[in-house]
Each structure stands twice: as C-alpha cells, then as structure tokens.
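Coordinates in review
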Amino acid sequence: MRRFWKNLNILYERILLIIFLLVLLIVAYCLYDTWYVFDHAADDSYLKYKPTASNAEEAGDSPITEDMAAWLTIDDTGIDYPVMQADNNSKYLNLDPYGQFSLSGSIFLDFRNASDFSDEYSLVYGHHMEYGKMFGALDDFLDQSYLEEHTSGTLLVGRTGEAEYPLRVFASMEANARDNMIFSPNEEEGIEEYIKTNAEYYIDCPELQGKRILGLSTCADGDSLTRILVFCYILDNNSKGEGNL
C-alpha cells in the first residue's frame, strides 16, 4: 500500500510539472506573439519609399504593392504611412504594405471611395496599436488642446505622390461602428454638418467649409463597436488653411 501511495505521489508531481511547463509555454508564446505584433507595427522600413521630389523613381519601383493609393502624414504624430486600397475592406486588415501577412495590417482606404480622394468624404482605417503605432495615435486627439495643437498634415495621392494636398485636422469623436453616416463614405450626404453637430472635440473653420473631408478611423478597443475618428479637411494645393486653425 505504501508503494502505491508513493507511486501516486510521483504521478501527481509529474502531472503538476507537465501543467506548469504547459503554462510556461503558453506564457512564452503570448509574450512572443505580443512582441511579434508590435515589432511588425513598429517596422518603418517603408518610410524610405515615401514619395518625395527627389525619390519619385525609387518610390515608383518600391516593393510596396500596386494597391498603394496614397501616403498619409499627420505632423508631429506617429502617423506617417502608405495608404492601401483593395476591392474590399478585409484584405489589408492582416497584410502589410508589402503584401505580407501581419496582424498589424496596413492603413487602408475604404473600397467604396475613389482612389484619388476626389469624393466629398473619404474614409481611411487602421488598427489601434499600442504606443501610438498605426492609428493608436488617434487616441490623443480626444482632447481639445491636443487637437488644436496638431492640425496639420499631408496627403500624397498616387504611388509617386502625383498630387499633394495639405490636411487640416478639425474634429474628433467616438462613434458606433454601425453609424451609417460615418461609415458609409460617398453614400451619405451632409457629413460635414453631421460632424459639426456630433463631434466631441471641434475647431470651427468657416473659411474651409465645403472642402473635401478625410476621416481616420480605428477601434477604441478590441471588444466593442466603439470607434475613434479624426476628421481633416483636404485642402487645395494653394490653400493655406489659415484662420481659426
């Protein structure tokens, strides 16, 4: 009987050891997975292909896929990314600008929008990553002071930046993902007035009313339908956007 209990104790200890090792492996995998996702989100190798006057040829021959529609920059933030566009809104959720699998995905333009951003309202999406990566930087705009201090940006349209438009950030808000007015670009009229009425943080820019609008959208968190949105006016090449900005 004593031998039986001794063997049972040994078996029990071995089972506990196996459980401990399994838990350790799971924790190690979770840590690796977190590092892997962040490492890909932090990869800025694509920046050398950002269209400029001096590298148009290099940008045109870059390994970024032909789905690149533009390049988006919001000054003094971490937002400085190529903007992709596919024939659906799923493709670039888990593909990087090179077309490789990545959980951090890409910044991408809604498939219903014109690729030259000529619509009255264009909508761009990006994952909400930690430390301000991808569109995690949109969080900061849910503060009136920050909004007022970060109003400038640039939209380079085309693979080689054939058209360059200054951006002026003017509003931010949280909205439900089922809000058709916000999430049906180029299908709903009156978006400018809707933003003015519903935005939680807003800069009145009467001299810019009627300009095209660019919306930037990201998830507030992974478990809800809440989205964080920042809105910009797309200015003409000769627009200075001065005044209340």
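Please refer to the structure placed before this passage.
Presented here is a report on the structure given in the accompanying data block. (Residues numbered from 1 in each chain as written. Predicted model: local features only at pLDDT ≥ 70, side-chain atom pairs only at ≥ 80, totals over all residues. Heavy atoms only, no water.)

1. Considerations on the packing of aromatic side chains
Under the counting rule described, the total for this entry stands at six aromatic pairs. Measuring from centroid to centroid gives 5.7 Å for Tyr46 and Tyr81, while their planes differ by 40°, and the two rings are tilted. Taken together, the positions of Tyr46 in the loop between helix H1 (2-41) and helix H2 (56-60) and Tyr81 in strand S2 (residues 80-84) put the pair 35 residues apart, joining distant regions of the chain. By relative accessible area, which is 8% here, Tyr46 ends up buried. What makes Tyr81 buried here is its relative accessible area of 5%. Through a chain of ring-to-ring contacts, three or more aromatic side chains come together here, namely Tyr46, Trp71 and Tyr81. Here the guanidinium or amino end of Arg212 rests over the ring plane of Tyr165, the centre of that ring lying 4.7 Å away. (Phe/Tyr/Trp six-rings, centres within 6.5 Å; stacked < 30°, edge-to-face > 60°. Helix = DSSP H or I, 4+ residues; strand = E, 2+ residues; numbered from the N terminus. Buried < 20%, exposed > 50% of the residue type's maximum accessible area, 1.4 Å probe, protein only. Lys NZ or Arg CZ within 6 Å of the ring centre and 35° of its normal.)

2. Things to note about the pattern of salt bridges
Summed over all chains, the structure comprises five salt bridges. A salt bridge links Asp67 to Lys91; the nearest nitrogen and oxygen atoms lie 2.8 Å apart. Taken as a pair, Asp67 in the loop between H2 and strand S1 (68-74) and Lys91 in the loop between S2 and strand S3 (107-109) lie far apart in primary sequence, 24 residues in all. On the basis of relative accessibility, which here comes to 22%, the residue Asp67 falls in the partly exposed class. (Salt bridge = Lys/Arg side-chain N within 4 Å of Asp/Glu carboxyl O.)

3. Observations concerning the pairing of strand S4 (residues 121-125)
A large share of S4 lies buried, amounting to five of its five residues. Here S4 shows no split at all, with Tyr121, Leu123 and Tyr125 on one side and Ser122 and Val124 on the other all buried. Examined bridge by bridge, S4 and strand S8 (residues 212-219) share five bridges and lie parallel to one another. In the sheet register, Ser122 faces S8, and the bridge partner there is Leu214. (Pairing = 2+ DSSP bridges.)

4. Examining the nonpolar core
Among the nonpolar cores identified, the biggest contains 62 residues, and Leu72, Phe117, Leu216 and Phe231 are the most heavily contacted of them. Residue contacts for Phe231: discarding those within four places in its chain leaves Tyr121, Arg168, Val169, Phe170, Ala171, Met173, Ile182, Ile195, Ile213, Leu214 and Gly215. (Core = buried A, V, L, I, M, F, W, Y, C linked by side-chain atoms within 4.5 Å. Contact = heavy atoms within 4.5 Å.)

5. Quick look at the side chain of Asp96
Summarising the element assignment, Asp96 is placed in the loop between S2 and S3. Among buried charged residues, Asp96 stands out as having no salt bridge; its nearest opposite-charge side chain is Lys91, 11 Å away. If near-sequence neighbours (up to four positions away) are discounted, Asp96 is found in contact with Ser102, Gly105 and Ser106. (Lys, Arg positive; Asp, Glu negative; His and termini not counted.)

6. Focus: unusual backbone geometry
With phi around 60°, Asp76 is a residue other than glycine that occupies positive phi space. Here Asp76 shows up in the loop between S1 and S2. Positive phi values are uncommon outside glycine, yet Phe117 reaches one of about 60°. Structurally, the position occupied by Phe117 is in the loop between S3 and S4.

7. Thoughts on the pairing of strand S5 (residues 152-157)
Across five bridges, the pairing between S1 and S5 is antiparallel. Among the inter-strand pairings, Ile74 is bridged to a residue of S5, identified as Gly153. Bridge analysis of S5 against strand S6 (residues 163-176) gives six bridges, and the strand direction is antiparallel. Counted as the bridge partner of Leu155 is Tyr165 from S6. With antiparallel pairing between neighbouring strands as the criterion, S5 and S6 make up a hairpin whose turn holds five residues, including Gly158 at a positive phi of roughly 100°.

8. Side note on a negative patch on the surface
On the surface, Glu130, Asp139, Asp140, Asp143, Glu148, Glu149, Glu174 and Glu200 cluster together to form a negatively charged patch. Looking at the element boundaries, Asp140 is found in the loop between S4 and helix H3 (144-149). (Patch = residues over 30% accessible without salt bridge, like charges linked within 9 Å, V, L, I, M, F, W, Y side chains within 5 Å. Areas by Shrake-Rupley, 256 points an atom, 1.4 Å probe, with all protein chains shown as cover. Charge placed at Lys NZ, Arg CZ, Asp CG, Glu CD.)

9. Topic: the environment of Asp80
Along the polypeptide, Asp80 turns up in strand S2. Under the relative-accessibility criterion, Asp80 is labelled partly exposed at 22%. Placed 36 residues apart in sequence, Asp80 and Asp44 show a C-alpha to C-alpha distance of 9.1 Å. Not counting the four nearest positions on each side in its chain, Asp80 is found in contact with Tyr46, Leu47, Lys50, Trp71, Leu72 and Thr73.

Fair warning: the whole summary comes from geometry, so function is off the table for now.
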